[in-house]
Amino acid sequence: MDKIVIEGGRPLEGVVKISGAKNAVLPILAATLLTRGRNILEGVPKVRDVVTMIQLLKSLGAEVESSSSEKIILDTSCAENPEAPYDLVSTMRASCLVLGPLLAKLGRARVSLPGGCAIGARPIDLHIKGLESMGAKVWLEQGYVHGVVDGLKGTQFYFDTVSVTGTANLMMAASLAAGKTILENAAKEPEVVFLADILNQSGAKIEGQGTDMITIEGVSSLKPIECRIFPDRIEAGTYMIAAAITQGDVLIENCIPHHVEPITLKLQEAQVDVEVEKSSIRVRGGRFLSAVNAKTHPYPGFPTDIQAQFMALMTLSRGQSIIMEKIFENRFMHVAELKRMGADISLDGHTAIIKGVQSLSGARLMATDLRASASLVLAALAAKGQSIISRVYHIDRGYVSMEKKLSALGARIKRVK
Ligand code: UD1
């Protein structure tokens with residue numbers, strides 16, 4: 001298994017270009033199942049999760065005509081197999097996004113239950129309840145969610161908890177249902193808005209995306225999708241923090257500043273110099289870093305996907321900061337590893353109390369999940385001495401060529417077998 005070796009203590013300087021958003025392309029790939037024909041996606045980030053989703057679509061009968069650098073052409077004319085197998089679903093939770101489209105188009109689905117993951121139990125009960133209220137019969141058998149329906153019907157559904165994947169799944173299903181669906185307490189994430197906009201381009205009738213009430217008037221069919229994926233806000237936020245933590249000066253190009261506003265504001269509160277342009281952000285870290293508190297929330301709140309990276313930054317702040325994780329019950333896996341680097345962090349349930357230290361020291365570290373791994377890379381870039389991070393396949397799930405991008409910014413980082 002690959003490892004990443006980092007010699008820390010060097011300020012990052014230069015320009016980094018952000019890739020397409022992983023969390024935007026996965027629902028769009030699932031949505032291609034609602035169509036019959038050639039779907040063309042551009043600006044696709046070549047990360048492991050995207051490769052897994054493409055494998056899943058192939059196993060459902062889709063044909064991939066081309067998957068050159070950042071462009072994918074996917075023909076769904078023959079995607080008639082309703083079974084998403086355990087081997088693929090178990091490696092990526094977002095696979096459950098095929099449930100809604102399969103039921104809507106084929107009237108049947110057999111999708112392995114994703115199960116827990118490193119950051120918590122992460123159930124899909126709301127997806128199932130929503131599909132049931134659209135008339136589907138859904139049951140669990142041998143670890144698989146089975147669903148059948150003789151045509152989905154519009155419904156009014158309230159999400160007890162804001163769910164990004166749940167909103168996407170039901171919105172896709174409702175696009176081909178008979179009649180009107182109203183989703184209440186829906187997710188407002190940019191990835192959900194993008195999915196709605198792209199479905200509308202293909203003939204869907206969706207309104208209210210970006211608010212907590214989405215209305216979908218079902219249509220009988222959708223044209224194949226043609227789109228370009230927008231830049232990844234979590235990748236952008238990660239490089240913003242990389243600049244800050246190394247006291248560097250980095251221009252982050254190809255990003256949508258509005259999408260990263262909660263991160264920009266927190267960095268500015270911590271006295272980091274952040275200059276926002278139309279599609280780029282320049283971040284300059286200084287010696288003085290104030291301790292600030294953060295609490296994760298659904299969009300437009302502070303993203304759970306940046307919590308670990310921000311905590312790495314706060315380990316080097318002056319003072320004490322409190323970070324609360326409000327979305328997932330077990331998303332502090334990075335804490336034990338950061339402590340091994342000399343960070344002073346104590347945990348109390350969903351709350352982490354971080355007392356800033358003068359410096360971190362390099363160590364042997366273990367990546368545990370995607371964003372926790374990114375936080376370890378950031379801490380290692382700032383630390384004194386060498387860090388060796390193992391299990392880096394987590395990073396490959398969601399970051400395009402992270403070590404190459406960091407190396408171009410002057411980091412001493414290499415991947416070893
Ligand atoms: C979540 C994040 C998303 C992030 C992704 C990967 C939020 C609101 N969502 O999306 O920003 O990119 O993780 O880290 O910030 N839940 C249920 N039942 C369900 C579905 C969800 O109880 O059927 C709960 C989950 O356990 C969790 C919360 O709702 O506590 C949000 O889950 P959800 O938004 O669905 O997770 P993701 O779509 O993976």
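Computed from a predicted structure; not experimentally measured.

Criteria and thresholds
- Residues numbered from 1 in each chain as written.
- Predicted model: local features only at pLDDT ≥ 70, side-chain atom pairs only at ≥ 80, totals over all residues.
- Heavy atoms only, no water.
- Helix = DSSP H or I, 4+ residues; strand = E, 2+ residues; numbered from the N terminus.
- Buried < 20%, exposed > 50% of the residue type's maximum accessible area, 1.4 Å probe, protein only.
- Polar contact = N/O pair within 3.5 Å; in protein donor to acceptor, adjacent residues only side chain to side chain.
- Contact = heavy atoms within 4.5 Å.
- Near = heavy atom within 4 Å.
- Areas by Shrake-Rupley, 256 points an atom, 1.4 Å probe, with all protein chains shown as cover.
- Nonpolar A, V, L, I, M, F, W, Y, C, P; charged D, E, K, R; others polar.
- Salt bridge = Lys/Arg side-chain N within 4 Å of Asp/Glu carboxyl O.
- 1 Å grid on protein atoms, 1.4 Å probe; cavity = no way out; pocket = protein on both sides within 12 Å on 5 of 7 lines; lining within 4 Å.
- Points joined across faces, edges and corners; volume = space filled by probe spheres on them.
- Phe/Tyr/Trp six-rings, centres within 6.5 Å; stacked < 30°, edge-to-face > 60°.
- Lys NZ or Arg CZ within 6 Å of the ring centre and 35° of its normal.
- Domains from an automatic or database assignment.
- Buried area = accessible area lost by both parts, 1.4 Å probe.
- Axes fitted to C-alpha atoms, helices over the stretch in contact; angles between N-to-C directions.
- Parallel < 35°, antiparallel > 145°, perpendicular 65-115°, else oblique.
- Left-handed = near helix turned anticlockwise from the far one by under 90°.
- Pairing = 2+ DSSP bridges.

## Quick notes on the side chain of Ser290
Then step 1. Mapped onto the fold, Ser290 is located in the loop between strand 17 (280-284) and strand 18 (294-295).
Then step 2. We classify Ser290 as buried; its relative accessible area is 12%.
Then step 3. Within the structure, Ser290 has its side chain in polar contact with the side chain of Gln271 (distance 3.4 Å).
Then step 4. If near-sequence neighbours (up to four positions away) are discounted, Ser290 is found in contact with Glu269, Ala270, Gln271, Met314, Ser317 and Arg318.

## As for the site of the ligand
Then step 1. Neighbouring residues of the ligand: 19 residues in total, closest Asp125, Ser163, Thr165, Asp305 and Ile327.
Then step 2. With respect to the ligand, the side chain of Asn23 contributes an N or O atom lying 3.0 Å from an oxygen atom.
Then step 3. In the model, an oxygen atom of the ligand is placed 2.6 Å from a nitrogen or oxygen of the Asp305 side chain.
Then step 4. If the ligand stood free it would expose 720 Å²; the protein chains cover 88% of that surface.
Then step 5. Elements that contribute at least two residues to the shell around the ligand include exactly helix 5 (125-133), helix 6 (164-175) and helix 10 (304-314).
Then step 6. Of the residues contributing to the shell around the ligand, the split by class is eight nonpolar, six polar and five charged.

## Focus on the pattern of salt bridges
Once their charged atoms are close, side chains differing in charge can pair, the charge on each being opposite to the other.
Then step 1. This structure, assessed with the given rule, holds 19 salt bridges.
Then step 2. For Arg36, the salt bridge identified is with Glu80, shortest N-O distance 2.7 Å. Of this pair, Arg36 sits in the loop between helix 1 (22-31) and strand 3 (38-42) while Glu80 sits in the loop between strand 5 (72-75) and strand 6 (83-84), and the two are 44 residues apart along the sequence.
Then step 3. Its relative accessible area of 37% is what places Glu80 among the partly exposed residues.
Then step 4. In this structure, Asp49 engages Arg397 in a salt bridge whose closest nitrogen and oxygen atoms are separated by 2.8 Å.

## A closer look at the layout of surface pockets
Then step 1. The computed volume of the second largest pocket comes to approximately 540 Å³.
Then step 2. Broken down by secondary-structure element, the contributors of at least two residues to the lining of the second largest pocket are helix 8 (233-245) and helix 12 (370-382).

## Some thoughts on the packing of aromatic side chains
Then step 1. In this structure the tally under the stated criterion is three aromatic pairs.
Then step 2. For the ring pair Phe157 and Phe159, a centre distance of 5.1 Å and an interplane angle of 90 degrees mean the geometry is edge-to-face.
Then step 3. Residue classification places Phe157 among the buried positions, given a relative accessible area of 8%.
Then step 4. Residue Phe159 is classed as buried on the basis of its relative accessible area of 0%.
Then step 5. Over the ring of Tyr144 we find Arg110; its NZ or CZ atom is 4.4 Å from the centre of that ring.

## Structural notes on the domain arrangement of the chain
Then step 1. Entries for the chain in the domain assignment read domain 1 (3-19 + 231-416) and domain 2 (22-161).
Then step 2. Taken together, the contacts link 17 residues of domain 1 with twelve residues of domain 2.
Then step 3. Counting each side, the surface lost to burial between domain 1 and domain 2 is near 1,100 Å², with a carbon and sulfur contribution of 54%.
Then step 4. The interface formed by domain 1 and domain 2 includes one salt bridge.

## Describing the packing of helix 8 against helix 12
Then step 1. Where helix 8 contacts helix 12, the two axes come as close as 9 Å, and the packing angle between them is 20 degrees. Put simply, helix 8 runs roughly parallel to helix 12. In this structure, helix 8 meets helix 12 at a crossing whose hand is right-handed. The residues of helix 12 that touch helix 8, namely those facing Ile234, Thr238, Ile241, Ala242 and Ile245, are Arg371, Ala374, Leu378, Ala379 and Ala382.
Then step 2. Here the residues of the contact of helix 8 with helix 12 are counted per class, giving eight nonpolar, one polar and one charged.

## Observations regarding unusual backbone geometry
Then step 1. Following Tyr299, the chain continues to Pro300 via a peptide bond in cis, the omega torsion being 10 degrees.
Then step 2. Secondary-structure assignment places Pro300 in the loop between strand 18 and helix 10.
Then step 3. A positive phi is found at Gln271, a non-glycine position, where the angle reads about 75 degrees.
Then step 4. By the element assignment, Gln271 lies in the loop between helix 9 (261-269) and strand 16 (273-276).
Then step 5. A positive phi is found at Ser401, a non-glycine position, where the angle reads about 40 degrees.
Then step 6. Within the secondary structure, Ser401 sits in the loop between helix 13 (393-398) and helix 14 (402-408).

## Considerations on the sheet that holds strand 3
Then step 1. The four strands lie next to each other as 4-5-3-14, forming an open sheet whose pairing is mixed. On the outer flanks of this sheet lie strand 4 (63-66) and strand 14 (226-228), each paired with one strand and no other. Within this sheet the neighbouring strands show an average axis-to-axis angle of 20 degrees, counted without direction.
Then step 2. Bridging between strand 3 and strand 5 involves four bridges; their strand directions are antiparallel. Opposite Arg38, over in strand 5, you have Asp75 as the bridge partner.

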